[in-house]
Amino acid sequence: MKRFITLLIVAITATLSYGLKKAVPIEGTWQMVHAQYYHLDSLMSQFSAKDGDFQWKTFCKGYFMAVYQSINNNKPGNSGVCGKYVLKGNNLEETLDSHFPDAIKYFGKKPLYNVQIKGDSLIQTGPYNEDGRAILFHFIEKYVRVK
C-alpha cells in the first residue's frame, strides 16, 4: 500500500510538472500604439494609432503574423507579413516566409531585433546586424497586449 501511494504521488507530481510548461512572454496578440522609423539619424516617418493607423502582431508557438493599415495622402494602405520567430532573451529573430508582393526580396531574411516586455507593453527596436549595431534603416515600435 505504501508503494502504491508513493507511486501515485510520483505520478501526480510528474503529470502536474509536465502540464505546467513555462509560457513564452511574447506569445499573444499585440497592438502597435506608436512607432518611429529612421534612415541613419533622420526620422523618415511615424506611426500613431491616434492618426487612424493600426497594426496587430501575433506570436504563437514559434510563428508570428503582423497585419496593418496606414493612411497616406488620404489613401489607405493595407499589408501583412508572417513567418517564424526565435526569441532568445531580449533578442528576437524573425524569418519572413510571406509578405506583401513588393517585398519578396525580404523572404528568408532573418532580421534581428531587441525586445523589452514590461507587463502588457512591448517595445521592439531594430533591426540590428550581427554585431548588435543599428543598420542604415532602424525603428522603435511600441505595442500593448490585446486582452
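Look up: the structure comes first, before these words.
Okay, so let's go over this structure. (Residues numbered from 1 in each chain as written. Predicted model: local features only at pLDDT ≥ 70, side-chain atom pairs only at ≥ 80, totals over all residues. Heavy atoms only, no water.)

Per the secondary structure count, the protein includes one helix and nine strands. From first element to last, N terminus to C terminus, the protein shows the α and β order α-β-β-β-β-β-β-β-β-β. Counting only residues that meet the buried cut, the protein has 25% of its 147 residues in that class. Sequence separation of at least 24 residues holds for 37% of the intrachain contacts in the protein that already meet a minimum separation of 6. (Helix = DSSP H or I, 4+ residues; strand = E, 2+ residues; numbered from the N terminus. Buried < 20%, exposed > 50% of the residue type's maximum accessible area, 1.4 Å probe, protein only. Contact = heavy atoms within 4.5 Å.)

Grouped together as the largest cluster of nonpolar side chains are 18 residues, with contacts concentrated most on Ile26, Phe59 and Leu92. Secondary-structure elements contributing two or more residues to this core are β1 (28–39), β4 (63–72), β5 (75–88), β6 (91–99), β7 (112–118) and β9 (134–145). With sequence-adjacent residues up to four places away left out, isoleucine 26 is seen in contact with Phe59, Tyr85, Leu87, Leu92, Ile117 and Leu122. (Core = buried A, V, L, I, M, F, W, Y, C linked by side-chain atoms within 4.5 Å.)

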